Amino acid sequence: MDKKANILEQANAKLTEYLTLKRMRKTPERYEILRIVVQTKGLFTVDELTEIMSKDARFKVSRATVFNVLELLNEAQIIVKHTLTRAAQYECHLHGKPLICLICENCGKVEKMEKTEIENVLKSIRSRKLSIKKQILYLNGICRKCEASQRKQSKKTSKSKTLQIYNKENRTNIK
Ligand SMILES: [Zn+2]
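An account of the accompanying structure is given in this report. (Residues numbered from 1 in each chain as written. Predicted model: local features only at pLDDT ≥ 70, side-chain atom pairs only at ≥ 80, totals over all residues. Heavy atoms only, no water.)

For the rest of this paragraph, the subject is the overall build of the protein. Counting its regular elements, the protein contains six helices and five strands. Reading the protein from its N end, one meets helices and strands in the order α-α-α-α-β-β-β-β-α-β-α. By the compact-globule yardstick of 16 Å for 175 residues, the protein is too spread out, its C-alpha radius of gyration being 24 Å. Taken over the C-alpha atoms alone, the protein extends approximately 85 × 45 × 35 Å along its principal axes. In the protein, of all internal contacts separated by at least 6 residues, the share reaching a separation of at least 24 is 49%. Roughly 12,800 Å² of accessible area belongs to the protein as shown, and the carbon and sulfur atoms make up 52% of that amount. Across the protein, the 37 positively charged side chains and the 19 negatively charged ones have centroids separated by 6 Å. (Helix = DSSP H or I, 4+ residues; strand = E, 2+ residues; numbered from the N terminus. Rg over C-alpha atoms; globule rule 2.2 N^0.38 Å. Contact = heavy atoms within 4.5 Å. Areas by Shrake-Rupley, 256 points an atom, 1.4 Å probe, with all protein chains shown as cover. Lys, Arg positive; Asp, Glu negative; His and termini not counted. Charge placed at Lys NZ, Arg CZ, Asp CG, Glu CD.)

Printed below as a string of structure tokens:
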């Protein structure tokens, strides 16, 4: 069996287990949305997944159904929901490994960091105040791309400022 099929099978099994436990119906829509989620790389919003579903899914599903099923998959700990931006972002996260996310405060891009030492620390954290279900660490900052374009922008503005001063001086000289 290839890796992708294997992951889908594991995801399906996890969903079946959850639906059985919660005595919920095993509708074809739920499994179809899960199939698309498993094959979608990286993070996606409800709208993005609805768009992908409209092209790749075996049958039509509404945005409301996509939203409800994503919430359910999040509950079932098959995916992770990030509520960092105005539109929540989701990603497939089958094995519940700790996540370290790098978030750009400017463009909202989320990258993953692979650091086993931090993962182990996250895994070992216990709290009296909270029963921890998911270990996710968010690190905020400015991504390199935004940083570079901001630097370019500030160079431009400082250049035009020099130009203005130069023009002013020139004008005074003319007078
Ligand atoms: Zn950025």
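Moving on: the packing of helix α1 (residues 3-21) against helix α2 (residues 28-39). Each pair of packed helices can be described by the angle between their axes along with the distance between the axes. Close contact between α1 and α2 brings their axes to 10 Å; oriented N to C, the two are set at 140°. In the packing of α1 onto α2, the handedness of the crossing is right-handed. For the pair formed by α1 and α2, the contact residues are Ile7, Leu8, Ala11, Asn12, Leu15, Thr16 and Leu19 on the first element and Arg30, Tyr31, Leu34, Arg35 and Val38 on the second. Taken together, the residues of the contact of α1 with α2 sort by class into eight nonpolar, two polar and two charged. (Axes fitted to C-alpha atoms, helices over the stretch in contact; angles between N-to-C directions. Left-handed = near helix turned anticlockwise from the far one by under 90°. Nonpolar A, V, L, I, M, F, W, Y, C, P; charged D, E, K, R; others polar.)

Before going further, it helps to spend a moment on the coordination of the zinc ion. Note on the zinc ion: its protein donors are Cys104 (SG), Cys107 (SG), Cys143 (SG) and Cys146 (SG). The metal-donor distances range over 2.3 to 2.4 Å. Each of the four donor atoms around the zinc ion contributes to a set of angles spanning 104 to 117°, which defines the coordination as tetrahedral. Read from N- to C-terminus, the donor residues coordinating the zinc ion fall into the pattern C-x2-C-x35-C-x2-C. Remark: Cys146 occurs in helix α6 (residues 144-174) and Cys107 occurs in the loop between β3 (99-104) and β4 (110-112); sequence separation between them is 39 residues. (Donors = N, O, S within 2.8 Å, 3.2 Å for Na, K, Ca; no water. Tetrahedral: all angles 85-135°; square planar, octahedral: opposite > 155°, others 65-115°.)

At Arg23, a position not held by glycine, the phi torsion is positive, near 50°. Examined against the element boundaries, Arg23 turns out to sit in the loop between α1 and α2. The exposure class of Arg23 is exposed, given its relative accessible area of 79%. Notably, Gln77 is not glycine yet its phi reads approximately 60°, a positive angle. Assignment of secondary structure puts Gln77 in the loop between α4 (63-75) and β1 (79-82). (Buried < 20%, exposed > 50% of the residue type's maximum accessible area, 1.4 Å probe, protein only.)

For the rest of this paragraph, the subject is the sheet that holds β4. The three strands lie next to each other as β4-β3-β5, forming an open sheet whose pairing is mixed. The open sheet is flanked by β4 and β5 (136-141), the only strands paired with a single partner. Across the sheet, the mean angle from the axis of one strand to that of its neighbour is 30°, orientation sign disregarded. As paired elements, β3 and β5 share six bridges and run parallel to each other. Across the sheet, Cys104 pairs through a bridge with Gly141, a residue of β5. Relative to β3, helix α5 (residues 116-124) is tilted by about 110°, and along the sheet it contacts β3 and β5. (Pairing = 2+ DSSP bridges.)

In short, shape yes, function no, at least from these values alone.
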